[in-house]
Structure formats: C-alpha cells, structure tokens
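Residues per chain, in single letters:
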Amino acid sequence: MFLSALGNVAFAYAGHNVVLEIQATIPSTEDAPSKKAMWKGVFTAYIIVALCYLPVAFIGYWVFGNGVDDNILLTLHRPTWLIATTNIFVVAHVIGSYQVYAMPVFDMIEAYAVKSLKYNPSTLLRVCVRTVFVAFTLVVGMTIPFFGGLMGFFGGFALAPTSYYLPCIIWLIIKKPRRFGLSWCTNWWVYF
C-alpha cells in the first residue's frame, strides 16, 4: 500500500517534463535567468496542488479509512450528483492533460515520419498520427483493468529510487561530507 501511495503521489505531481519545456520557451539572460521565474512558478504550483490534494486525502481517510477502492468513485454510492459531477471533471481534466503530455510524443512521431519515412509534413499526417496514437493508448488503457496495481509498481520502481535513494547517493558523491558526520549519517539512513 505504501508503494501504491507513492505511485499516486507520482501521478499527482507529474508535471516535470512540461515544466522543462515551458522553461525552454522563456527568454533567459545572465541578468534575468529563466530559472528564477520558473522556480517561483513551480513552487507556487506545488503549493497550490498540495493545498488541493492534502485536504481531500486527509478528509477522505478520516471518512473512509483505508477501505477505499483505487478509484474512489467506485467506493461512493451517493450522492449521485456528486459522482456525476466528479466524472465530468475527470473527463475534462484528462482531455486537457492528455493533450499537454502527448504533445512531445506527437512531435517525435511526426518528426520521425517526415525525416525517416519521407512523408510530407501536412495536416493529414498530423491528424493520422494523432488519431492512431490516441486509438493505441485507448486500446492499451482498456486492456489494463488493473491500473491501481500499476500505481504500486510505478511508485516502487520509479518514484522511490529517484526521489529518495538517488538524491542521497548523489549528495554523498558530490559533496563528500565528513564520514560519520550529521549529513553523512542522515543520507545513509535515508538511503537504507
């Protein structure tokens, strides 16, 4: 369950690749580097996301305990209007976020089709590539009914090593703190 929770956190805060693309479009000079504005924006965004998610998580745990399905909408039975409204919001969120996260994939596939397969860049190519990709992800999504179990896998495989273990190892390698000092012991304790 802990790894599933980490997977949920990873999916809740999964905006890192988009942040880098946004930062690449901001003008940057030595006097006014883009990383300063991006740091303020990312910090504000994470605070807002935390203020939205944490009350829901705490209140949900207070009300339901740990007897909640992976999809909380399956746990709720009433009020019907709340379930319907939530489903509408989920659909609106997925439509928008899917487009944002799929744009780099669309660009990569279209660039491959134009450069390697010698297709002419056109609206028809874009429509065909995007339609095939969306249909493919739809089929994959329909054939994987155990998405909640995948959350635990992603949490254990991706989030835990990159968020907890790797930074400790990198800190120890780069900074080389005094052996058995506070920083050295803390990083080794977190690592294990």
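Residues numbered from 1 in each chain as written. Predicted model: local features only at pLDDT ≥ 70, side-chain atom pairs only at ≥ 80, totals over all residues. Heavy atoms only, no water.

Student: Can you lay out helix H3 (residues 34-64) for me, pointing to particular residues and giving the numbers?
Tutor: Across its 31 residues, H3 extends 44 Å between first and last C-alpha, which sits within 8% of the 45 Å expected from 1.5 Å per residue. Along H3, the residues classified as buried are Ser-34, Met-38, Val-42, Ala-50 and Gly-60. One or two steps after H3, the chain reaches Gly-65, where phi turns positive at roughly 70°. (Helix = DSSP H or I, 4+ residues; strand = E, 2+ residues; numbered from the N terminus. Expected span 1.5 Å × (residues − 1). Buried < 20%, exposed > 50% of the residue type's maximum accessible area, 1.4 Å probe, protein only.)

Student: Pulling in residues and values, what's your account of the pattern of salt bridges?
Tutor: According to the stated counting rule, one finds two salt bridges in the structure shown. The closest approach of N and O atoms between Arg-126 and Glu-110, which form a salt bridge, is 3.7 Å. Note that Arg-126 is positioned in helix H6 (residues 123-143) and Glu-110 in helix H5 (residues 80-115), a separation of 16 residues in sequence. You can call Arg-126 partly exposed: its relative accessible area is 43%. In this structure, the salt-bridge partner of Arg-130 is Glu-110, at a minimum N-O distance of 3.0 Å. Here the residue Arg-130 occupies a position in helix H6, and Glu-110 occupies one in helix H5, the gap between them amounting to 20 residues. Here Arg-130 matches Glu-110 in class, with each residue buried. (Salt bridge = Lys/Arg side-chain N within 4 Å of Asp/Glu carboxyl O.)

All we've got here are geometric facts, nothing functional implied.
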